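So you can see what is in the structure, the chains are spelled out below.
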Amino acid sequence: MMGGNWNRILFVDLDTGDISVEEPGEQLYHDFLGGYGLGARIIYSRQKPGVDPLGPDNVLGFTTGVLIGTGAVGATRFTVCGKSPLTGTWGDANSGGYLAAALKKAGFDAVFFTGASEEPVYLTIEDGEAALRDASHLWGRDTFETEAALKGCVGRRQGRGET
């Protein structure tokens, strides 16, 4: 890990199903510190002006900071970022839990989504490989039912750190 970062960012195009990994280099992480900075840089450099915040051209990012996965106390948060439907400008939120550590454990600093899938899908990351899976069996379920179903079909082979 390069100074708290893997130098690996996952990009998922839901229109085409294409998944790619980019290694932007150490300078990006120095110039745009943390998950918030990384998210802002990626989104502002890739998103076209005037996109609909709720449309498929909006870039939605899940980013981690440099302390995630280091064992630092309280380093459990991730940032979700994109264009805000409320303001039409930058929007972000942060949350805690297992996602940030699981993403780092999988070898990624962030994942960015674009597009809209024709069918319901979910993203899995296992052994550093990402894949979109059919989620039609999850359609219409609440969050508790969805979590239980995903644990059943994806499993918890790696404990709480699995994504």
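Note that the structure is a prediction, hence the values are computed from the model and not measured.

Asks: For the confidence of the model for the protein chain, give the residues involved together with the corresponding values.
Replies: Across the protein chain, the average pLDDT comes to 90, with 93% of residues at 70 or higher. The low-confidence segment residues 158-163 (pLDDT under 50) makes 16 contacts with residues lying over four places distant or belonging to another chain.

Asks: Give a description of the nonpolar core that names residues and reports values.
Replies: Ranked by size, the top nonpolar core spans 13 residues in total, and within it Ile9, Leu38, Ile42, Ile43 and Phe112 carry the most contacts. For this core, the elements supplying multiple residues, two or more each, are strand S1 (9-13), helix H1 (26-31), helix H2 (34-46) and strand S6 (110-114). No other element matches the 4 residues that H2 contributes to this core. Apart from the residues lying within four places of it in its own chain, the contact partners of Ile43 are Val59, Gly61, Cys81, Gly82, Trp90 and Phe112. Membership of the second largest hydrophobic core comes to 8 residues, among which are Val12, Ala106, Phe108 and Ile125.

Asks: Account for the pairing of strand S8 (residues 129-134), naming residues and giving values.
Replies: Summarising the sheet, strand S7 (residues 121-126) and S8 pair through 6 bridges and their orientation is antiparallel. Each residue of the ladder has a partner; that of Glu126, found in S8, is Glu129. Connecting S7 to the antiparallel partner S8 that follows it, the hairpin turn spans 2 residues, and Asp127 within it adopts a positive phi of roughly 55 degrees.

Asks: Explain the packing of aromatic side chains residue by residue, including any values.
Replies: Following the criterion strictly, the structure yields 5 aromatic pairs and no others. Three or more aromatic residues joined by ring pairs make a cluster, and in this case those are Tyr36, Tyr44 and Trp90. The ring of Phe11 is capped by Arg46, whose NZ or CZ atom sits 4.0 Å from the centre of that ring.

Asks: I'd like a description of the sheet that holds S1, backed by residues and values.
Replies: Strand order in the open sheet formed by 6 strands is S2-S1-S6-S3-S4-S5, and the pairing between neighbours is mixed. Each edge of the sheet is formed by a strand with only one pairing partner; in this case those strands are strand S2 (19-22) and strand S5 (90-95). Ignoring strand direction, the axes of neighbouring strands in this sheet form an average angle of 15 degrees. As paired elements, S1 and S6 share 5 bridges and run parallel to each other. By the bridge assignment for S6, Val12 is matched with Phe113.

Asks: Talk me through H2; I want residue IDs and the actual numbers.
Replies: A rise of 1.5 Å per residue sets the reference length of H2, with its 13 residues, at 18 Å; its end C-alpha atoms lie 18 Å apart and thus fit the reference within 8%. Considered for burial, the residues of H2 that qualify are Gly35, Gly37, Leu38, Gly39, Ala40, Ile42 and Ile43. Residues of H2 that are buried make contact with S1, H1, strand S3 (60-64), strand S4 (78-83), S5 and S6.

Asks: An account of the environment of Leu38 is requested, with residue identities and associated values reported.
Replies: In this structure, Leu38 sits in helix H2. Put simply, Leu38 and Gly61 are 23 residues apart on the chain and 9.4 Å apart in space, counted from C-alpha to C-alpha. Every residue in contact with Leu38, bar those within four places of it in the chain, is listed here: Ile9, Leu28, Tyr29, Phe32, Leu33, Asp109, Ala110 and Phe112.

Here is what the cut-offs are and how they apply
- Residues numbered from 1 in each chain as written.
- Predicted model: local features only at pLDDT ≥ 70, side-chain atom pairs only at ≥ 80, totals over all residues.
- Heavy atoms only, no water.
- pLDDT = per-residue confidence, 0-100.
- Contact = heavy atoms within 4.5 Å.
- Core = buried A, V, L, I, M, F, W, Y, C linked by side-chain atoms within 4.5 Å.
- Buried < 20%, exposed > 50% of the residue type's maximum accessible area, 1.4 Å probe, protein only.
- Helix = DSSP H or I, 4+ residues; strand = E, 2+ residues; numbered from the N terminus.
- Pairing = 2+ DSSP bridges.
- Phe/Tyr/Trp six-rings, centres within 6.5 Å; stacked < 30°, edge-to-face > 60°.
- Lys NZ or Arg CZ within 6 Å of the ring centre and 35° of its normal.
- Axes fitted to C-alpha atoms, helices over the stretch in contact; angles between N-to-C directions.
- Expected span 1.5 Å × (residues − 1).

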